[in-house]
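Architecture at a glance
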Amino acid sequence: MKFEDLLSEINGFGRFQKMVLCINFFGRFSLACHFLLGNFIAVIPSHHCSISSLDADEIFENLTQEERLTVSIPVQDDGTPASCHMFSYPQFHLLSNSSSPSEVAVVQCQNGWEYDNSTFISTLATQWDLVCDKRALSRLTTTIFFIGVMCGAAAFGSLSAMFGRKPMLLVSHMLGMGFGLCSAFSSSFIMFAVLRFFTGFTITGSVIISTILNVEWVSIEHRKLVGVIDSLSWTFAFMSFPLVAYFIRDWRWLTVAISLPTVTAIITWWVPESARWLIANGRVDKAHYYLHKCAVMNRKKEIINLAKIIVTDRGNRKYSYLDLVRTPKMRKLALLTGITWFAVATVAYGISFNISSFGLNRYLTQFVYGAIEIPAKLSIYYLLDKFGRRITQAGSLLSFNMKMVRTVIAVLGKGCSATSFGTVILYSSELYPTVVRQNGMGYNSFVARLGVSVAPLILLSDDVWSHFSQVILSSLGLSAAFVAYLLPETRGRCLPETIEDVEGIGKGTDNLPLQDQKMDEKESSRLKWKDNLIVQNT
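For the structure given in this document, a descriptive report is provided here. (Residues numbered from 1 in each chain as written. Predicted model: local features only at pLDDT ≥ 70, side-chain atom pairs only at ≥ 80, totals over all residues. Heavy atoms only, no water.)

Points about the overall build of the protein chain
Secondary structure assignment for the protein chain yields 22 helices and 4 strands. Looking at the protein chain as a whole, 53% of its 538 residues qualify as buried. Contacts in the protein chain between residues far apart in sequence, at least 24 positions, make up 80% of those at least 6 positions apart. As displayed, the protein chain has an accessible area near 23,800 Å², and 62% of this comes from carbon and sulfur atoms. (Helix = DSSP H or I, 4+ residues; strand = E, 2+ residues; numbered from the N terminus. Buried < 20%, exposed > 50% of the residue type's maximum accessible area, 1.4 Å probe, protein only. Contact = heavy atoms within 4.5 Å. Areas by Shrake-Rupley, 256 points an atom, 1.4 Å probe, with all protein chains shown as cover.)

Put into structure tokens, the structure is as follows:
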């Protein structure tokens, strides 16, 4: 008996599964905000050199603020005050003659900077003067965070495969909240960067583990629905976050605001362990306990002999990331999904991180980016059923090439990226077998976060050529579309349990798509009826 057959007997999408889905939904809600935090706390507002050193004798006393800037700060080509330079001494003649002679000596800022606080009360840049020569450090914090996410994905993928989904999910929630709160009270940029790394390292566990738990507890026909609902938790977070950031303009309190709600994730204690994982690790009694609990909550009193599900001896075997590359088809699977995840993440976050380049309000643009994901992700439910995982994944990646020319086109590109991200998460969880599913998702998440880490650096390439980042991101999307098309289709198939299932060793009708199984059953019945008819006529 396949695990999916057992789920059908005890209701594969009853009250038990809905409880698991809701707990994981709210547990992930605030965590998604951390992924976009850098868009608001790493902003560099308008600034210019502090001119206090030129006013030592209070010679500016009778001048307006505009006049003080005129005699103290050189003007850039666009008519705004220079950000990183000042005159070595006041140029009072500029009050009557706006032209600045080229021989006037300018120096770098001597006593810090003055910032425009009309939009942001405080950011990382204003806190530690991350401007001019240190300008890259502000955006570097985003890369540091996602490097932490990348490392955490690999670590929690392995740990959850060894110790179970449930305990590692709880550890991820609690540590993520702790490091997030501590980072808000950093006394130096180095301290903030280190804590931001560990925040990313810990919260990523909740992302990859909750997804697997949701998929492993539902029946085949409900996996696409669960995948859509699971991804919508990110969408609602992306829509809510700019509203929170609009009212909280101080970077410290904004970090607290998105970290503290994670305390609600303590309800993770009521999340059941994956019965699939328990069976794969030989813990049959515990698996029976959760399956019985599921049957009771779903009001299914009669349960088929659960021992029938234990068809192989897998409890003594320990799996690791090496099992992703030991056999030919697993190697191919790891390579193709890795390339796809890297491209999807790089392009999706390349769009999200570039919200300031479209000339619109930062908060409004981020809200629209979140809102456009709702119809995009709801469309996944239809697309996965109509065209399957492979076509949907490849098609949404091809659509990336429309983006970033204008704001409207960029928003459409964001919608396509949401469709692709929602599909690849569900798709990959269906491709990998239970014994290494968490390792596979950990590996894919690692590769994806590598892509997210380089996304801010790709955007910096616009300093060389204004369309450079567009070319890079579009090329990645196009290449990954062809790669995704090489992956096998999983629509209507049972989740593979072992590596042998993926390699095709000992494959039976259980590994066929549901529609193929039904055709086999219909053909078998037809042949049986024909044989009986022949016997009766003889």
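Comments concerning unusual backbone geometry
With phi around 50°, Asp129 is a residue other than glycine that occupies positive phi space. Along the chain, Asp129 turns up in the loop between helix H6 (124-128) and helix H7 (135-163). Its relative accessible area of 27% is what places Asp129 among the partly exposed residues.

Brief notes about H7
Spanning 29 residues, H7 covers 42 Å between terminal C-alpha atoms, matching the ideal 42 Å at 1.5 Å per step. Directly after H7, the chain includes Gly164, whose backbone phi takes a positive value near 105°. (Expected span 1.5 Å × (residues − 1).)

Here's the deal with the packing of aromatic side chains
Scanning the model with the defined rule gives 21 aromatic pairs in all. Judged by centre distance (5.0 Å) and plane angle (85°), the rings of Phe35 and Trp234 are edge-to-face. Here Phe35, found in helix H3 (residues 31-36), pairs with Trp234, found in helix H10 (residues 223-247); they are 199 residues apart in sequence, far enough to count as distant. Look at Trp234 and Phe238: their rings are 6.1 Å apart centre to centre, the planes differ by 70°, and that puts the pair in the edge-to-face class. You can see Trp234 and its partner Phe238 sitting in helix H10, 4 residues apart, about one turn around the helix. Here Trp234 and Phe238 have matching classes, each one buried. Put simply, the rings of Phe40, Phe120, Phe241, Tyr246, Phe247 and Tyr363 touch in pairs and so form one group of aromatic residues. The ring centre of Phe145 lies 4.1 Å from the NZ or CZ of Arg196, which sits over that ring. (Phe/Tyr/Trp six-rings, centres within 6.5 Å; stacked < 30°, edge-to-face > 60°. Lys NZ or Arg CZ within 6 Å of the ring centre and 35° of its normal.)

As for the nonpolar core
Core analysis: the biggest nonpolar cluster contains 45 residues, and Phe35, Leu124, Phe241, Tyr349 and Phe421 have the highest contact counts within it. Two domains each put at least three residues into this core: domain 1 (1-46 + 131-315) and domain 3 (326-506). Listed in part, the 24 residues of the second largest apolar core include Ile10, Ile23, Phe156 and Leu278. (Core = buried A, V, L, I, M, F, W, Y, C linked by side-chain atoms within 4.5 Å. Domains from an automatic or database assignment.)

Here's the deal with the pattern of salt bridges
What the rule picks out here adds up to 5 salt bridges. Arg437 is the partner of Glu216 in a salt bridge, and the nearest nitrogen-oxygen pair spans 2.8 Å. Taken together, the positions of Glu216 in helix H9 (residues 189-216) and Arg437 in helix H19 (residues 437-460) put the pair 221 residues apart, joining distant regions of the chain. Residue Arg326 pairs with Asp323 through a salt bridge whose shortest N-O separation is 3.1 Å. The exposure class of Asp323 is buried, given its relative accessible area of 2%. Each of Arg165, Glu216 and Arg437 takes part in salt bridges that share partners, so that together they form one network. (Salt bridge = Lys/Arg side-chain N within 4 Å of Asp/Glu carboxyl O.)

Thoughts on the state of the cysteines
By definition, a disulfide is the covalent link that joins the sulfur atoms of two cysteine residues. Using the criterion set out here, one finds 2 disulfides in the structure. Between Cys84 and Cys132 runs a disulfide, and the two sulfur atoms are separated by 2.0 Å. Measuring handedness by torsion sign, the sulfur bridge of Cys84 and Cys132 sits at about -105° and is left-handed. Taken as a pair, Cys84 in the loop between helix H5 (65-72) and strand E2 (85-87) and Cys132 in the loop between H6 and H7 lie far apart in primary sequence, 48 residues in all. Going through the protein chain in sequence order and numbering each bonded cysteine, the pairs you get are 1-3, 2-4. (Disulfide = S-S within 2.5 Å.)

Quick word on the environment of Gly477
Counting through the fold element by element, Gly477 comes out in helix H20 (residues 468-484). Sequence spacing of Gly477 and Ser417 is 60 residues, and the spatial spacing of their C-alpha atoms is 9.5 Å.

A closer look at empty space enclosed by the protein
In total, this model carries 6 cavities of 30 Å³ or more according to the counting rule given. Approximately 60 Å³ is the volume found for the second largest cavity. In terms of lining, the second largest cavity is formed by His34, Phe35, Leu37, Gly38, Ile41, Thr141, Thr142, Phe145, Phe146 and Arg196. Only H3, helix H4 (38-41) and H7 provide two or more residues apiece to the lining of the second largest cavity. Broken down by element, the lining of the second largest cavity gets its largest block of residues, 4 residues, from H7. Residue classes in the lining of the second largest cavity are distributed as 5 nonpolar, 4 polar and 1 charged. (1 Å grid on protein atoms, 1.4 Å probe; cavity = no way out; pocket = protein on both sides within 12 Å on 5 of 7 lines; lining within 4 Å. Points joined across faces, edges and corners; volume = space filled by probe spheres on them. Nonpolar A, V, L, I, M, F, W, Y, C, P; charged D, E, K, R; others polar.)

Things to note about the side chain of Ser183
Note that Ser183 resides in helix H8 (residues 165-183). A polar contact is formed between the side chain of Ser183 and the backbone oxygen of Gly180, at a distance of 2.7 Å. When sequence neighbours within four positions are dropped, the list of residues in contact with Ser183 reads Phe192, Leu195, Thr199, Trp251 and Thr255. (Polar contact = N/O pair within 3.5 Å; in protein donor to acceptor, adjacent residues only side chain to side chain.)

Section: the environment of Ile190
By secondary structure assignment, the location of Ile190 is in helix H9. For Ile190, a relative accessible area of 60% translates into the label exposed. Sequence spacing of Ile190 and Thr141 is 49 residues, and the spatial spacing of their C-alpha atoms is 9.9 Å.

Brief notes about H8
In a regular helix each residue adds 1.5 Å, so 19 residues correspond to 27 Å; H8 covers 27 Å between its end C-alpha atoms and thus fits that length. Looking at H8, one finds that the buried residues are Arg165, Lys166, Met168, Leu169, Leu170, Ser172, His173, Gly176, Met177, Gly180 and Ser183.

Looking at the environment of Ala105
Positionally, Ala105 belongs in the loop between E2 and strand E3 (106-108). Judged by its relative accessible area of 38%, Ala105 is partly exposed. Taking the C-alpha atoms as reference points, Ala105 and Tyr89, 16 residues apart in sequence, are found 8.2 Å from one another.

Considerations on a nonpolar patch on the surface
There is a patch of nonpolar side chains on the surface, built from Phe26, Ile266, Ile267, Trp269 and Trp270 and spanning about 590 Å² of accessible area. Within the secondary structure, Trp269 is located in the loop between helix H11 (251-259) and helix H12 (275-280). (Patch = residues over 30% accessible without salt bridge, like charges linked within 9 Å, V, L, I, M, F, W, Y side chains within 5 Å.)

Thoughts on the packing of H7 against H9
Two elements in contact, H7 and H9, have axes whose closest approach is 6 Å; the angle formed by their N-to-C orientations is 40°. Regarding the angle of H7 to H9, the classification is oblique. H7 and H9 meet at a crossing whose hand is right-handed. Classifying every residue of the contact of H7 with H9 gives 17 nonpolar, 10 polar and 1 charged. (Axes fitted to C-alpha atoms, helices over the stretch in contact; angles between N-to-C directions. Parallel < 35°, antiparallel > 145°, perpendicular 65-115°, else oblique. Left-handed = near helix turned anticlockwise from the far one by under 90°.)

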